[in-house]
Amino acid sequence: MFSRYRNKNNYFSNTFHSLGNKNFRLLFIGLVLVMAAVNIQMLARGYYTWELTKSPIWVTLTGAGFAPPILIFSIFGGAISDRIERKKIIQIAQLGLFAIPLFIAISIRMETITVYHLLLASLLQGCIWAFLIPARQTLISQLVNKSELKNATALNASGMSLMTLSSPALGGLIYGFYGPEIVYYVVCFLALFSIIFTSLIPRIKINIINKNNVIFEMKKGLVYALNNKTVFWLLIIAMTTTLLAMPFRSLLPVQIDEIFLKGPEALGILMSMIGLGSLLGSLFIAGMNTNQSTGLILLLTSLITSIAIILNALITQYSIAVIIMIILGIGDAGRRTLNMSLIIENSDEEYRGRVMGIYATNFGLIPLGAIPLGFLAEFYNVRIAFASAGVLLLIFTLLILFSNKTIRKLR
């Protein structure tokens, strides 16, 4: 009995071990505050766009406007994070994430706001994230020991999942009671406090100074990623699974309306269940010990995601879909968290920023994956679209599982 208690206690200690590191804890709190601001703002932007235009196209444009800049500038952002102190990049990015919602709030107050302001805000935030993502992820590897890296990356993901789960509901309540202007001021408040916490992290200089032209360094980073076979295949897995697994969320409103015959409240619950599953999955990964077959677990979580998408295509009962979304979230969290930590662990410090810049292009690929699914749903039905994505992901994962020993044996 006491042995079981000690094991549980050890698992709990392992799960939150990296938070014992003061500097990582400050970065983690800053992340949670930023992600709360981002999720609240995404909800407010979408709903306010609808109020201004009553146009689904404009809602889509302002919602996905962040993606092209991430796709275009992430590799450049990664090269910059290999040249400049990463804390400085993060603070400048956080300042931008404070200034943009403040501009929108003032525009609402002055009654000069238009949908073009909201689209511009989305595009600018995409530019900021192209620099923030590689800088933040590579700074984690500077703040913690290598043995703590997987745990720290998983806790980082759990913080994002927690905010994905809780922040939209908070944003919706504030929007409903006080309107969009107050929501944007709350976003500014959260971004400001993220700047304060990050400023408490000590300066950590880059070990290797790159004095060559930035474009040349970007090319070197691409060549490095191509020649490092482990990193190359991890990036292929990340990009392929993102293209096949993430875009299906954009069609959940169609499934809610056409298959389940329900409304937006039901959609909100489904999205929250994905967030709940992601949180649970991230915490499970954080508690893993360093001797487990991480590469194999990565592929198994990708299989879980594919099976969940296929099951979601087959069912017609909303209550079952709620359970499937939790399973989907668990698979997604494992896939993203392990993929990211393995890429960082298997990249040389000199190239980590650029490699994470390549990884960050994932977020820009999501709309590209959504377009073919949208056509399938338009010309056939949403269940065919879901099934196609799930089956393709299943086939891809099985191919990697049975043909790639390098990934399968990663620890």
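The structure displayed is predicted, hence computed values, not measured ones. Residues take numbers from 1 onward in each chain, read along the sequence in its written order. Only residues with pLDDT of 70 or above have their local features reported here, since the model is predicted, and side-chain atom pairs are shown and tallied only from 80 upward, although totals for entire chains, interfaces and linings are computed over all residues. Here the side-chain values reflect all heavy atoms present in the structure, with hydrogen atoms and water set aside.

**Some points on the environment of Phe24**
Quick note on the threshold: By definition, any uninterrupted DSSP run of H or I lasting at least four residues is a helix, any uninterrupted run of E lasting at least two residues is a strand, and each is numbered from the N terminus. Exposed residues in this analysis have more than 50% of their type's maximum accessible area, buried residues have under 20%, and partly exposed residues fall in between, with area computed by a 1.4 Å probe over protein chains only. Any two residues whose heavy atoms approach within 4.5 Å are treated as being in contact.
Here Phe24 is to be found in helix α2 (residues 22-53). Take Phe24: its relative accessible area is 0%, and that puts it in the buried class. Residues within four places of Phe24 in sequence aside, it is in contact with Ser18, Leu19, Ile140, Leu143, Val144, Ala152 and Leu155.

**Overview of the pattern of salt bridges**
Selection rule: Each reported salt bridge corresponds to a side-chain nitrogen of Lys or Arg within 4 Å of a carboxyl oxygen of Asp or Glu.
Taken as a whole and assessed by the stated rule, the structure comprises four salt bridges. Between Arg109 and Glu181 there is a salt bridge, with the nearest N and O atoms lying 3.0 Å from each other. Separated by 72 residues along the polypeptide, Arg109 in helix α5 (residues 86-110) and Glu181 in helix α8 (residues 180-199) bring together distant segments of the chain. For Glu181, a relative accessible area of 13% translates into the label buried. Note that Arg335 is salt-bridged to Asp332, the shortest N-O span being 2.7 Å. Of this pair, Arg335 and Asp332 are both found in helix α14 (residues 318-345), three residues apart, which corresponds to roughly one turn of the helix.

**A word on unusual backbone geometry**
At Glu111, a residue that is not glycine, the phi angle is positive and equals roughly 60 degrees. Here Glu111 shows up in the loop between α5 and α6 (115-143). For Glu111, a relative accessible area of 71% puts it in the exposed group.

**Some words on helix α17 (residues 382-403)**
Residue pairs spaced three or four apart in an α-helix point in one direction, given the helix's 3.6 residues per turn. Threshold: Multiplying one less than the number of residues by 1.5 Å gives the expected span of a helix. Note that the arc is defined by the directions from the helix axis to the C-beta atoms.
Taking 1.5 Å as the rise per residue, α17 with 22 residues should run 32 Å; its terminal C-alpha atoms sit 32 Å apart, in good agreement. Listed as buried for α17 are Val382, Ala385, Phe386, Ala389, Gly390, Leu393, Phe396, Thr397, Ile400 and Leu401. Along the long axis of α17, the arc covered by the buried residues comes to 135 degrees, so they all point the same way. Along α17, exposed side chains directed more than 90 degrees from the buried face belong to Leu399, Phe402 and Ser403.

**Quick word on the packing of helix α9 (residues 214-227) against helix α15 (residues 352-360)**
Counted only if it meets this: Lines fitted to C-alpha atoms define the axes here, with helix axes fitted over just the stretch in contact, and angles between the N-to-C directions of these axes take values from 0 to 180 degrees. In these notes the angle categories are as follows: under 35 degrees is roughly parallel, over 145 is roughly antiparallel, 65 to 115 is roughly perpendicular, and the rest is oblique. Each residue gets one label: Ala, Val, Leu, Ile, Met, Phe, Trp, Tyr, Cys and Pro are nonpolar, Asp, Glu, Lys and Arg are charged, and the others, such as Gly, are polar.
With their axes 9 Å apart at the nearest point, α9 and α15 run at an angle of 75 degrees to one another. Classed by the angle they form, the pair α9 and α15 counts as roughly perpendicular. Contacts between α9 and α15 pair Glu217, Met218, Lys220, Gly221, Leu222, Tyr224 and Ala225 from the former with Arg354, Val355 and Ile358 from the latter. Residues belonging to the contact of α9 with α15 are distributed by class as follows: six nonpolar, one polar and three charged.

**Description of the confidence of the model for the chain**
For clarity, the threshold we go by: Known as pLDDT, the predictor's per-residue confidence is scaled from 0 to 100.
Overall, the predicted model of the chain reaches an average pLDDT of 82, with 92% of residues at or above 70. Ignoring residues within four places in sequence, the model shows residues 1-8, a span with pLDDT below 50, making zero contacts including any to other chains.

**Focus on the packing of aromatic side chains**
Note the following rule: Side-chain rings of Phe, Tyr and Trp (the six-membered ring for Trp) are treated as a pair once their centres are within 6.5 Å; stacked means planes under 30 degrees apart, edge-to-face means over 60, and tilted covers the remaining angles.
Under the criterion given, the structure shown has seven aromatic pairs. With centroids separated by 6.3 Å and ring planes inclined at 40 degrees, the aromatic side chains of Phe24 and Phe28 adopt a geometry described as tilted. One end of the pair, Phe24, and the other, Phe28, are both in helix α2, four residues apart, so they sit about a helical turn from each other. Phe28 gets classed as buried once you look at its relative accessible area, which sits at 15%. Relative to Phe193, the ring of Phe189 lies with its centre 4.7 Å away and its plane at 50 degrees, an arrangement referred to as tilted. Placement of both Phe189 and Phe193 in helix α8 is noted, with a separation of four residues, approximately one turn of the helix. Look at Phe193 and you get partly exposed, because its relative accessible area is 32%.

**Details of the side chain of Thr62**
Following the sequence through the fold, Thr62 ends up in helix α3 (residues 56-64). Look at Thr62 and you get buried, because its relative accessible area is 0%.

**Concerning the environment of Thr15**
In this fold, Thr15 is placed in helix α1 (residues 2-15). Its relative accessible area of 3% is what places Thr15 among the buried residues. For the pair formed by Thr15 and Leu283, sequence separation is 268 residues and the distance between their alpha carbons is 6.4 Å. Not counting residues up to four positions away in its chain, the partners in contact with Thr15 are Asn151, Leu155, Leu283, Ala286 and Gly287.

**A word on the packing of α9 against helix α10 (residues 229-245)**
Packing of α9 against α10 brings their axes to within 5 Å, and their N-to-C directions diverge by 95 degrees. It follows that α9 is roughly perpendicular to α10 by the angle criterion. Packed against α9, whose contacting residues are Ala225, Leu226 and Asn227, the element α10 presents Lys229, Val231, Phe232 and Leu235 at the interface.

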